Amino acid sequence: MAQLFTNFPLVSALAAILFAQVVKVPIQFIVTREFTPGLVFGTGSMPSSHSAAVSALTTAIGISEGVQSIPFAIAFVFSIITMFDASGVRREAGEHAIILNQLVKDFQKFIDEASHWHDKAEYEKIAELKTLLGHKPIEVFVGALTGIGIAFLIYPLF
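Residues numbered from 1 in each chain as written. Predicted model: local features only at pLDDT ≥ 70, side-chain atom pairs only at ≥ 80, totals over all residues. Heavy atoms only, no water.

## Topic: the packing of helix H1 (residues 8-32) against helix H5 (residues 137-154)
Running from amino to carboxyl end, H1 crosses H5 at an angle of 130 degrees, the nearest separation of the two axes being 9 Å. One way to sum up the angle between H1 and H5 is to call them oblique. Read as a crossing pair, H1 and H5 show a hand that is right-handed. Here Phe 8, Val 11, Ser 12, Ala 15, Ala 16 and Phe 19 of H1 lie close against H5, whose contacting residues are Thr 146, Gly 147, Ile 150, Ala 151 and Ile 154. In terms of residue class, the contact of H1 with H5 is made up of 8 nonpolar, 3 polar and no charged. (Axes fitted to C-alpha atoms, helices over the stretch in contact; angles between N-to-C directions. Helix = DSSP H or I, 4+ residues; strand = E, 2+ residues; numbered from the N terminus. Parallel < 35°, antiparallel > 145°, perpendicular 65-115°, else oblique. Left-handed = near helix turned anticlockwise from the far one by under 90°. Contact = heavy atoms within 4.5 Å. Nonpolar A, V, L, I, M, F, W, Y, C, P; charged D, E, K, R; others polar.)

## Some words on the nonpolar core
Within the largest apolar cluster, 9 residues are counted, these being Phe 8, Ala 16, Ala 20, Ala 52, Ala 56, Ala 60, Ile 150, Ala 151 and Ile 154. Of all elements in the fold, only H1, helix H2 (49-65) and H5 reach the threshold of two or more residues within this core. Contacts of Ala 151, omitting those with residues within four sequence positions, involve Phe 8, Ser 12, Ala 56, Thr 59, Ala 60 and Ile 63. (Core = buried A, V, L, I, M, F, W, Y, C linked by side-chain atoms within 4.5 Å. Buried < 20%, exposed > 50% of the residue type's maximum accessible area, 1.4 Å probe, protein only.)

## Notes on a nonpolar patch on the surface
Residues Met 1, Leu 4, Phe 5, Leu 10, Leu 14 and Ile 17 make up a contiguous nonpolar surface patch of about 630 Å² in total accessible area. As for its position among the elements, Met 1 is in the segment before H1. Residue classification places Met 1 among the exposed residues on the basis of a relative accessible area of 75%. (Patch = residues over 30% accessible without salt bridge, like charges linked within 9 Å, V, L, I, M, F, W, Y side chains within 5 Å. Areas by Shrake-Rupley, 256 points an atom, 1.4 Å probe, with all protein chains shown as cover. Salt bridge = Lys/Arg side-chain N within 4 Å of Asp/Glu carboxyl O.)

## As for the environment of Ile 80
Among the secondary structure elements, Ile 80 is positioned in helix H3 (residues 70-87). For the pair Ile 80 and Ser 55, spaced 25 residues apart in the sequence, the C-alpha separation amounts to 8.9 Å.

## Regarding the environment of Thr 146
Among the structural elements, Thr 146 can be located in helix H5. On the basis of relative accessibility, which here comes to 13%, the residue Thr 146 falls in the buried class. The sequence separation of Thr 146 and Ala 53 amounts to 93 residues, and the corresponding C-alpha distance is 8.7 Å. If sequence neighbours within four positions are ignored, Thr 146 has contacts with Phe 19, Pro 47 and Ala 52. A distance of 2.7 Å separates a polar side-chain atom of Thr 146 from the backbone oxygen of Val 142. (Polar contact = N/O pair within 3.5 Å; in protein donor to acceptor, adjacent residues only side chain to side chain.)

## Things to note about unusual backbone geometry
Backbone torsion omega between Met 46 and Pro 47 reads -10 degrees, so that peptide bond is classified as cis. Tracing the sequence through the fold places Pro 47 in the loop between H1 and H2. For Arg 33, which is not a glycine, the phi torsion comes out positive at approximately 65 degrees. Tracing the sequence through the fold places Arg 33 in the loop between H1 and H2.

What follows is the structure, encoded as structure tokens:
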């Protein structure tokens, strides 16, 4: 188990995830003046922890194994796919969730206005779909830079 903490690429990736998740709270506060500690455990926002993790992993493998190595090539391709997914597919899913949430609200308003049973209890609220699934391209880019920086900062410790 202790050997896991001597694995430079693994430690770099985990440190990048932790850093990216924690730094989301102050960044959100600076931008919106809203303190949202739940961002530490959520998806979306600046920077992308997915991008930070895979870029830290890839950078650490490049540093330790060389950029000509097979593990670096595997990690690099994995990183590109992950970052594309973070900014593309997951972002679109978040956009769809926003539209679906509005449709649910509009449908509920229609039902409430059409209803003649005013003495009934209020309709049970429907949980909203998660809208912060993915990242804007700038969030992915900053996440990637975060991961690269973390890997280079941690390297001297190994």
